[in-house]
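In case you want the letters, here they are:
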Amino acid sequence: MGTINYINLPNRHLKNKIADELFHLGISLNDQVLVEKFDKVKFVLVGGTRERMETLARHLATSILGRAEDDFSFDHSFQNSRYSGYLVGPIFCVNHGIGNPSLSVALHEIFKLLYRARCSDVTLIRIGTCGGIGVDVGTVVVTSEALTVGFEPYYNTSSLGQPLRLPTSAHVDLVEDLLQCRGDNSTFQVVKGKTYCADDFYQAQGRLDGSFCDFDEKGKEEFMNKLQKLGVVNIEMESAGVLGLANRVGVKAAVVCVVIVDRITTDLPQLNKQEFQQIEDHPMQLITAYLQRHIH
Ligand code: R2B
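Residues numbered from 1 in each chain as written. Predicted model: local features only at pLDDT ≥ 70, side-chain atom pairs only at ≥ 80, totals over all residues. Heavy atoms only, no water.

**Details of the packing of helix H2 (residues 50-63) against helix H7 (residues 273-295)**
Move 1: As a packed pair, H2 and H7 sit with axes 11 Å apart at the nearest point and diverge in direction by 40°. As H2 runs across H7, the sense of the crossing is right-handed. Contacts between H2 and H7 pair Arg-52, Thr-55, Leu-56, His-59, Leu-60 and Ser-63 from the former with Glu-280, Met-284, Thr-288, Leu-291 and Gln-292 from the latter.
Move 2: Across the contact of H2 with H7, the residue classes tally to four nonpolar, five polar and two charged. (Axes fitted to C-alpha atoms, helices over the stretch in contact; angles between N-to-C directions. Helix = DSSP H or I, 4+ residues; strand = E, 2+ residues; numbered from the N terminus. Left-handed = near helix turned anticlockwise from the far one by under 90°. Contact = heavy atoms within 4.5 Å. Nonpolar A, V, L, I, M, F, W, Y, C, P; charged D, E, K, R; others polar.)

**A look at the pairing of strand E13 (residues 252-262)**
Move 1: In terms of burial, E13 is largely enclosed, as ten of its eleven residues are buried.
Move 2: With ten bridges connecting them, strand E7 (residues 123-132) and E13 associate as parallel partners. Its bridge partner being in E13, Arg-126 is matched across the sheet by Val-255.
Move 3: Both strand E8 (residues 140-147) and E13 contribute to a ladder of three bridges, which runs antiparallel. From the neighbouring strand, Val-140 faces E13, where its bridge partner is Val-258. (Buried < 20%, exposed > 50% of the residue type's maximum accessible area, 1.4 Å probe, protein only. Pairing = 2+ DSSP bridges.)

**So, the UniProt feature "binding site: phosphate" (unreviewed entry) in the chain**
Move 1: Taking the numbering used here, the UniProt-annotated feature "binding site: phosphate" (unreviewed entry) corresponds to Arg-82, Arg-126, Ile-127, Gly-128 and Thr-129. As for the second largest pocket, its lining draws on Arg-126 and Thr-129 from among the annotated residues.
Move 2: Accessibility expressed as a relative area gives 59% for Arg-82, which makes it exposed.
Move 3: Filtering out sequence-adjacent residues up to four positions away, Arg-82 remains in contact with His-24 and Asn-95. (UniProt positions renumbered as here; feature names shortened; annotations may be inferred. 1 Å grid on protein atoms, 1.4 Å probe; cavity = no way out; pocket = protein on both sides within 12 Å on 5 of 7 lines; lining within 4 Å.)

**Considering a nonpolar patch on the surface**
Move 1: A contiguous nonpolar surface patch, about 250 Å² in accessible area, is contributed by Phe-201, Tyr-202 and Leu-268.
Move 2: Within the secondary structure layout, Leu-268 lies in the loop between E13 and H7. (Patch = residues over 30% accessible without salt bridge, like charges linked within 9 Å, V, L, I, M, F, W, Y side chains within 5 Å. Areas by Shrake-Rupley, 256 points an atom, 1.4 Å probe, with all protein chains shown as cover. Salt bridge = Lys/Arg side-chain N within 4 Å of Asp/Glu carboxyl O.)

**Side note on empty space enclosed by the protein**
Move 1: With the rule as written, the count across this model stands at one cavity of 30 Å³ or more.
Move 2: Considered as a void within the structure, the largest cavity measures approximately 30 Å³ in volume.
Move 3: Every residue lining the largest cavity is listed: Val-44, Leu-107, Ile-110, Phe-111, Leu-114, Val-122, Leu-124 and Val-251.
Move 4: Here the lining of the largest cavity takes four residues from helix H3 (residues 100-116), the largest share from any one element.
Move 5: When grouped by side-chain class, the residues that make up the lining of the largest cavity number eight nonpolar, no polar and no charged. (Points joined across faces, edges and corners; volume = space filled by probe spheres on them.)

In structure tokens, the structure reads:
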């Protein structure tokens, strides 16, 4: 038997706290009955939108837990004006909104909840959409590490007004494990590579169509070339936060995103609603195969 890795948050102030409220998730940590509902959580799946996480939770309820098609009762679900969460057996699906600030608030509170519930051996995976760099639409990218402004592998945040930089490497074994989960009959490719995590959708990602723009087509081309030379295969907005924060608290983590546009050829996705839904399903298929291996 291996050792059990309980979530052990590196914050000594939490040890003395009797009352605590997860302000944005809308969960009271004093509600022992509620907190205990989370004590078996082993997998936390996060993604941008509420719809995607609810769809994923429903899909996992049937495909992993074998619940009836029309029985989507989750063990504990919540929806508020910020975030929505769905607890499905040992899997907790939560949406995080756009960008690292929104993500970080959700993750701090999720980690505190799992710590109070005395969870152990937890795996965190972000499932998202992204722009590819010379990668076909529909391809699933598993991030090896996230680069941020300055092309460095750090999540940039702050503490008491001072910069705080957290390393953004993904968990090596988890990444390899996920890469193995592509089924033989899969209609899409799964690749590993670096992810550029931008702090904005427009200028920071080399788009010229924001409300202002300080560069021209040539500048954008140079930016894309530079990213490619560094081994970057996709761009999104939360990978650095997921990996930086997970590394800081000692939770193993990975980021799995599907390419919805190849940024070398165009800036905005050219997919209709049906095509978008089909493609959004690719990372869910990979995660389902991963969970099937690890839950049964
Ligand atoms: C991908 O899509 C969103 C921006 O449209 C953002 O959350 C991201 O990383």
